[in-house]
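Here's the letter readout for the chains.
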Amino acid sequence: MNIDDLRRLARARLPRVVFDYLDGGAEDETTLRANRQALDDLRLTPRLLGGGHVDLSTEIFGQRYAAPFLIGPTGLNGIYWPDGDLHIAAAAAEAGIGFTLSTASNTSMETIAERVAAPRWFQLYPWGKPDFSQALIERAEVAGYSALILTLDSLVGGKRERDLRHGFSHEIRMSAQVVLDGLLHPRWLASVWLGGKRPRFENLERFLGKGASNAELADFTRSQRNPQFSWDDVRRIRKQWSGPLLIKGIICPEDARLARQAGADGIVVSNHGGRQLDGAPATVSVLERIADQLEDGATLLLDGGIRRGSDVVKAMALGAHGVLLGRAPLYGLAAGGREGVDRALAILADEMERTMILIGCERPRELGRQHLAGVERALSGKALG
Ligand SMILES: Cc1cc2nc3c(=O)[nH]c(=O)nc-3n(C[C@H](O)[C@H](O)[C@H](O)COP(=O)(O)O)c2cc1C
């Protein structure tokens, strides 16, 4: 079984409107496809022997994880499986890998902290007025989140045409088509829709009150977009958050520099999984240039299209210190709840270990351009021989 198999199972279980929200990208989905294509185009150099004692464990911000892939932030996880965020957090904890909770999660950050005792990060959207982010930052600190990811590539929503066609925007609105879609997917309908635990944006309830309807919470998330957000605001957030701060959504080396100037400890090279600016380049295609100009000491993560253990190896060979997973664990969750997430994480760890043995590399931090066939010459412009 592989991640694509989990995707197929997810597709069979979910109504189309939900699967398309998970799977889709912006506009013509060229960036969504490019993320995968660029990873596929990278070749690894097989090396004989020398990879007999592989240890995938990796340290990020002083914390040792079992593998260099972490759960990235994704909103609305409860739409695939009741308590989706909790299942993912618990699976990550058991696998010994990192977990990030989204601002737009369906389980509150406090509940996750109470129920899952493991290191975890919080992702903040730059929504609303400064008191909105300040309140979330203070709560994240009290609840023991150890790092903050500030996502800056979504000041307006991407034009996700699959969602627009379904009339989907942060919530499922009933229509004849959606009802029929639900009836055709009875396992999902019974567990998520009729099971009594419809997904709510629990982190945001405190802003609107517990009595807020799902529609009011969804309206709230849409109304809080703040296109005027600036690097000065990043500096403000830097002062409010004492732990490690990462800026997510960086594709351009100049923005990586600005993020560091604003006080970020690290960056996530990301195009939001092709869900924001369609036409943005594949993340691995810009990684090397960003890695080259980032000073030592800055943490460099990447996401976008990671579906194989070998994808993690390729990203790290180009300079990433680790990767975030977006859709991969979500396909597992949608296919089979907690068991599906466990499966997704086990698949990636197994594939990564095999890949490391086959390229003769025992530690992720030893990965480098020498492990990529042809890339050294092609990307650095060095002539052959
Ligand atoms: C369904 C879905 C919801 C997402 N929600 C968020 C979010 O709430 N915050 C955020 O920073 N990124 C969000 N992202 C982007 C992911 O964190 C990540 O950048 C992207 O999914 C990586 O690409 P991949 O899915 O191809 O691995 C979301 C992505 C998906 C697929």
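Going by what an unreviewed UniProt entry lists, the protein chain is known as (S)-mandelate dehydrogenase and is assigned to Salipiger abyssi. Looking at the protein chain in UniProt, the text filed under Sequence similarities (unreviewed entry) is "Belongs to the FMN-dependent alpha-hydroxy acid dehydrogenase family." You can read under Cofactor (unreviewed entry) in the UniProt record for the protein chain the words "FMN".

(A) Representation of the sheet that holds strand β6 (residues 121–124) within the structure. One open sheet holds the eight strands; their spatial order is β4-β11-β10-β9-β8-β7-β6-β5, and the pairing between them is parallel. The strands lining the two open edges of the sheet, one partner per strand, are β4 (69–71) and β5 (100–101). Summarising the sheet, β4 and strand β11 (residues 322–325) pair through three bridges and their orientation is parallel. Each residue of the ladder has a partner; that of Phe69, found in β11, is Val323. The sheet contacts of helix α6 (residues 130–142) involve β6 and β7 (147–151), and relative to β6 the element is tilted by about 175°.

(B) The UniProt feature "active site" (unreviewed entry) in the protein chain, seen in detail. Taking the numbering used here, the UniProt-annotated feature "active site" (unreviewed entry) corresponds to His272. Take His272: it is sitting in the loop between β9 (266–269) and α14 (283–293). For His272, a relative accessible area of 13% gives the class buried. Discounting chain neighbours no more than four positions away, the residues touching His272 are Tyr125, Thr151, Asp153, Ser154, Arg160 and Lys248.

(C) Looking closely at the environment of Arg8. Of note, Arg8 is situated in helix α1 (residues 3–13). Measuring from C-alpha to C-alpha, the distance between Arg8 and His371 comes to 31 Å, with 363 residues separating the pair along the chain.

(D) Spotlight on the packing of aromatic side chains. Enumeration over the complete set of coordinates arrives at nine aromatic pairs. Centroid distance Phe61 to Trp121: 5.9 Å. Interplanar angle 55°. Geometry classified as tilted. Here the residue Phe61 occupies a position in the loop between β2 (58–60) and β3 (63–65), and Trp121 occupies one in strand β6, the gap between them amounting to 60 residues. In this structure Phe61 comes out as partly exposed when scored by relative accessible area, which is 29%. Geometrically, the ring pair formed by Trp188 and Trp193 is stacked, given 5.9 Å between the ring centres and 20° between the ring planes. Overall, Trp188 belongs to the buried group, its relative accessible area being 3%. Taken together, the aromatic side chains of Tyr125, Trp127, Phe132, Phe207 and Phe220 make up a single cluster linked through ring pairs.

Reading the values: rules and limits
- Residues numbered from 1 in each chain as written.
- Predicted model: local features only at pLDDT ≥ 70, side-chain atom pairs only at ≥ 80, totals over all residues.
- Heavy atoms only, no water.
- UniProt positions renumbered as here; feature names shortened; annotations may be inferred.
- Pairing = 2+ DSSP bridges.
- Helix = DSSP H or I, 4+ residues; strand = E, 2+ residues; numbered from the N terminus.
- Contact = heavy atoms within 4.5 Å.
- Axes fitted to C-alpha atoms, helices over the stretch in contact; angles between N-to-C directions.
- Buried < 20%, exposed > 50% of the residue type's maximum accessible area, 1.4 Å probe, protein only.
- Phe/Tyr/Trp six-rings, centres within 6.5 Å; stacked < 30°, edge-to-face > 60°.

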